[in-house]
Each structure stands twice: as C-alpha cells, then as structure tokens.
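Report on the structure
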Amino acid sequence: MARGGSAEARERFREYAVGAQPHLRRSAYLLCGDWHTAEDLVQTTFGRLFRSWPKVMRADSVDAYARTVLFRAFLDLKKKDRRTVALDDAPEPAARPDDADLRLAVRNALDTLPPRARAVVVLRYWEDLTVEQTADALGVSAGTVKSQTSRAIAMLRQHLGSAVGELIHD
Amino acid sequence: MRKLLSDAIPAPEDEPHQRDVISAAMAWGERRRRLDWVLTGAATLAVVAVGAGVAVLGTGSGPGTSAASGGADSQKTLGGMLDSKVVNGQPFQSFSPTCMPPPNLPGGQTKKYCDLWQEQVDWSTEFAKGSVPYIQAKLPQGFTVKAANSYVVQLTAPDGKTNLLFPSAGSAANLLGGHTPSCAHPGDDCTQTSAGGGHGVIGQYPSEGQSAEWVADGLKDPVILLGVNVVGTSDVGGLPAPTGGRLLSADDITRIVSNPDYVKYAKESWKHEEEIRKQLLQLQGPSPTDGPTGQPSATGSGMPSGGGTGSSPVNWPPASGSHS
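An account of the accompanying structure is given in this report. (Residues numbered from 1 in each chain as written. Chains lettered and ligands numbered in written order. Predicted model: local features only at pLDDT ≥ 70, side-chain atom pairs only at ≥ 80, totals over all residues. Heavy atoms only, no water.)

Our focus in this paragraph is the overall build of chain B. Secondary structure summary: chain B contains eight helices and seven strands in total. The 324 residues of chain B split such that 56% are buried. For chain B, the share of sequence-separated contacts (at least 6 apart) that also reach a separation of at least 24 residues comes to 63%. (Helix = DSSP H or I, 4+ residues; strand = E, 2+ residues; numbered from the N terminus. Buried < 20%, exposed > 50% of the residue type's maximum accessible area, 1.4 Å probe, protein only. Contact = heavy atoms within 4.5 Å.)

Written out as structure tokens, the structure is:
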C-alpha cells in the first residue's frame, strides 16, 4: 500500500483524480447547472478526498466515496443558498421543445428542483444507483429517496411538458 | 431518463476547458491534513519519532490515532505534513475553501460560525507569519526569513540558497502523550537537546530535510514544531522550491524553537486556536452529518476530523455500485 503522505500516494491520487475528473465534473454540472460551480464542487471534492487520502485509498470503492463527497458538498452548498421553488410557483408547462432547445429546457427544469430532489435524480438516473445506494450516498432513508424521486419526476413532467415527460419513467 | 440527463450536458467537444482543480485541491487537502494531524495528535508517535530510522517508541495510540493508522502510518503521515511535493511541479493555486456550517445552526449563528471557521482555517498561516520575527531573531548572521500568505516561510542564506520552513504548534498532551521528546537512536540523524527550560529533538525528515520539536518542561505548554524542506522537494504553499541543502544546524534550530519569546508567542497563539476550536464545537453541537456508519462529513471541511469524534472515514464501507 502506498503511503498516504508519500510521493507515490500523491501520484496515485493525481492519477485517480485525472481519471475521475471528467465524470465528476459532468455529474456536478447536472447538479448545479454551470461549469464554474461544477468545477468548484469537484475541487472541493478532491480537496476533501486528498485530505483523507491515506484512508480513502483503502476504501473498497474510491469512486463511491468521491461521489458521496461530491453530492454532499453540493447539498451543503445549496443549504447556503436556499432558493427552492415551490411547485405552485413553477412556470407554465412548456410546449415540447425541439432538439435544439431540449438541453436548455432540461437544464431549466432541473434548476426548478429542490437541491436534494435534484441530487436524487442525478444519482438515480445519471449515476444509475438503486434507491438503497442513493439513500446511502445522501445519508437519508430509502423512503425519502422514493418520495423525492416521485416529487422530482412530477416537477420535471410539469416543466418539460407531457411529450418530453413521457421520456421520464418513474 | 438517462438520455434526458445526457441531453442536458453539452457534447464533450463543446465542454469548456477543464481548469486544473487537482493541484489546488491537493494543496488545500495537504494543508488541512497537516493541520488535522497537528490538532488531533494523530501524529503523536511520528512527532516523537522524528529522525531517520526511528523505531516507534511504544507510547501507544494517541488520542487521535485511529485504529487504522498505527505507529507506522503515523510516521508516514508526518511525511505528508512536511514533504512539500504537494503541487508536483504545477503552479500553486490558492484555494479558499468555503465555510459550510452545520444545517441546524440557530438563526444568526451562521456568520459567527463561518467567521470562527475562517479564523481556524487561517490559523496555521497566521502562526507561520507571526513566527517570522522570532525565527529571524535567532538566525545566524546574514540569514533572513520571509513570510508569505502561507503556512510556510522562506529561509534565505547569505549566498541566496533557500529552505522552506514549516512553523507550527500543537497540544503537548496529544502530540507527546506524556513523554518528553527523545530520539530512539540519538546520532547524526537525530539530536536531543535540553535548552531554554525544555527538551527537544531535531531529526532528519523528510528526505534530507529536518524536523524539530521542542516543549517546555512539565509538558503543559504547546509543542513547537519546525519542519525544514531542502533542495529536492518542490514548491509548496505558493513559495518556490528550496534551492539549498540544510542551511541550519541542529544548534541553530534549537535556538529558534527554544527561544523564550517564541515559546510565549506559541503559547498565546495556541490558546487562541483552542478557544476557536472550542467555540466551533459548541456551535456545531453533536456532529450532524456524521451518520452512524461514519460516512464522510462533507460539511466538515473546516473542522478537525479528530478530537475523539471517531468520525474517521476509514470506517465507511461504500455502499456499492460505483459508476461504470
């Protein structure tokens, strides 16, 4: 095992981070919707990973560890910026966007989700985690994940319109 | 649904260039880890065992020593504290971590928490900067020491060669576990000193560098720590890599760390740090994010991870299902 504080361990960390960065960055982008914040989140994640790297690198799955840190960092960030949009305040359902507008529409729809619901959506449908795995990553119960998922799906359907909404399967 | 999310992300070729977050994160993580270990005493054995080829002195686990990091690991981690190859040739980037207060703070306490948190984050830098006049006062003639906005200061010899110094302090109870500092095998690589009403050791660590600790008799005052990085290690903390071999002798270092004025400064500074930590813990209350499984605390970036909380992420078994 490489030493936690050794040059070898640092190289292992750098090697891991270089490989993990693109995926984490994209996940972070889905969570926050802008690249700058996404990179801040990834940097925060890497900082925390490296801080505990001697221990982290002994974990069964560094990827899972990193994912948990990233998603919790996102939720922490959002706790500072409690701008949740109540369902009643949501904009009118959009007409089915054409492909060119789809990206923006999806991002806008994601922006309307409360942070935890957004995290649940990304973990479940982007990271392909099960309900239980999602619950573990976020430190909440499986029931909470299910209810957040249902709520998020409903909000996405409303925002994206029924046509695109059909793409969403609960 | 996954396709929908994929559609929300620009194609890879359209993504903006990735900035180098890794070097900055490593610099921050290293700094925090260094502070963690100094604060929690997890480096107890390591600090006692400064010097090359030091056998673990058998003091047992310090208060912050996790089961997963026995004596050997502790010694390794001290290397992490002092070895400067943090940025590994990459330009240093400053990285200001964000205060992330516990979610259940009473109203109006968030600012207080974050002010304290920032003060604690800055403590090691402030200590280093404040150490400069005391170090300068005991340097051989012609040597100078320069502060930076960093936990590292730069030592320059009359010929222009440089070393990087890491001044710090920590709890004697945590770091020494009731033992007076001593070398396992006194010799060229580890020197024991008795000076200024206390005891110290100056050892070789890391690489060809030096690491010193000194504590006043009675072991009630904080331990003064001084690491020295020499040529062969890279830049750290925004300061360029050292260009000289060992510029200071063991006697020089002893004079620095046992300087009564420096000891007084360290004592006051450490007391202040302890007060900050105490207030943070009071505000934080029971750890809100460390679940029963010991999962990593994403909100804990500003807090020492030890202090007997047992929140070591090493115990966390990732649930499963890493992404493919």
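Here we take up the packing of helix α4 (residues 62–79) of chain A against helix α7 (residues 131–138) of chain A. Residue and element names in this part refer to chain A. With their axes 8 Å apart at the nearest point, α4 and α7 run at an angle of 65° to one another. Facing α4, whose interface residues are Thr68, Phe71, Arg72 and Leu75, α7 presents Asp136, Ala137 and Leu138. The class makeup of the residues in the contact of α4 with α7 is four nonpolar, one polar and two charged. (Axes fitted to C-alpha atoms, helices over the stretch in contact; angles between N-to-C directions. Nonpolar A, V, L, I, M, F, W, Y, C, P; charged D, E, K, R; others polar.)

One finds Phe13, Phe46, Trp53, Leu110 and Val121 of chain A to be the most contacted residues of the largest nonpolar core, which totals 63 residues. A per-element tally of this core places helix α1 (residues 7–32) of chain A first, with 11 residues. In this structure, this core is formed jointly by two domains, domain 1 (1–89) and domain 2 (94–170) of chain A, each of which donates at least three residues. Counting 31 residues, the second largest nonpolar core, distinct from the first, contains Ile135, Ala157, Ala212 and Ile256 of chain B. (Core = buried A, V, L, I, M, F, W, Y, C linked by side-chain atoms within 4.5 Å. Domains from an automatic or database assignment.)

Bringing the pairing of strand β7 (residues 223–229) of chain B into the picture now. Residues and elements named next belong to chain B. Taken across its seven residues, β7 has seven buried, putting it largely inside the fold. Burial along β7 is two-sided: Val223, Leu225, Gly227 and Asn229 and Ile224, Leu226 and Val228, pointing in opposite directions, are all buried. Bridge count between strand β3 (residues 162–170) and β7: seven bridges; the pairing is antiparallel. Bridge pairing in β7 places leucine 165 opposite valine 228. Inspection of the sheet shows strand β6 (residues 210–216) paired to β7 by five bridges, in the antiparallel sense. In the strand pairing of β7, alanine 212 is matched with leucine 226. What sits between the antiparallel neighbours β6 and β7 is a turn of six residues, in which glycine 218 has the positive phi angle 100°. (Pairing = 2+ DSSP bridges.)

This part takes up α4 of chain A. Under the 1.5 Å per step criterion, the end-to-end length of α4 of chain A is 26 Å for 18 residues, consistent within 8% with the ideal 26 Å. In terms of burial, α4 of chain A is largely enclosed, as 14 of its 18 residues are buried. (Expected span 1.5 Å × (residues − 1).)

Before going further, it helps to examine helix α2 (residues 35–51) of chain A. All names here are of chain A. End to end, α2 covers 24 Å across 17 residues, agreeing with the expected 24 Å (1.5 Å per residue, within 8%). In terms of burial, α2 is largely enclosed, as 15 of its 17 residues are buried. Of the residues flanking the start of α2, the one acting as N-cap is aspartate 34, its side-chain oxygen 3.2 Å from the backbone nitrogen of histidine 36. (Polar contact = N/O pair within 3.5 Å; in protein donor to acceptor, adjacent residues only side chain to side chain.)

If you walk through the whole model with that rule in mind, you get eight salt bridges over all chains. One salt bridge in this structure joins glutamate 39 of chain A and arginine 25 of chain A, with 2.9 Å as the shortest N-O distance. Here glutamate 39 of chain A, found in helix α2, pairs with arginine 25 of chain A, found in helix α1; they are 14 residues apart in sequence, far enough to count as distant. No difference in accessibility class separates glutamate 39 of chain A from arginine 25 of chain A, as the two residues are buried. Between lysine 129 of chain B and glutamate 126 of chain B there is a salt bridge, with its nearest N and O atoms 3.5 Å apart. (Salt bridge = Lys/Arg side-chain N within 4 Å of Asp/Glu carboxyl O.)

Here we take up the pairing of β3 of chain B. All names here are of chain B. Where burial is concerned, most of β3 is hidden: nine out of the nine residues are buried. Burial of β3 is two-sided: the residues Thr162, Leu164, Phe166, Ser168 and Gly170 facing one way and the residues Asn163, Leu165, Pro167 and Ala169 facing the other way are all buried. In the sheet, strand β2 (residues 153–156) pairs with β3 via four bridges, with the strands oriented antiparallel. Within the sheet, the bridge partner assigned to valine 153 lies in β3 and is leucine 165. Joining the antiparallel neighbours β2 and β3 is a turn of five residues, in which glycine 160 adopts a positive phi near 90°.

Remember, this is a structural readout, not a statement about activity or role.
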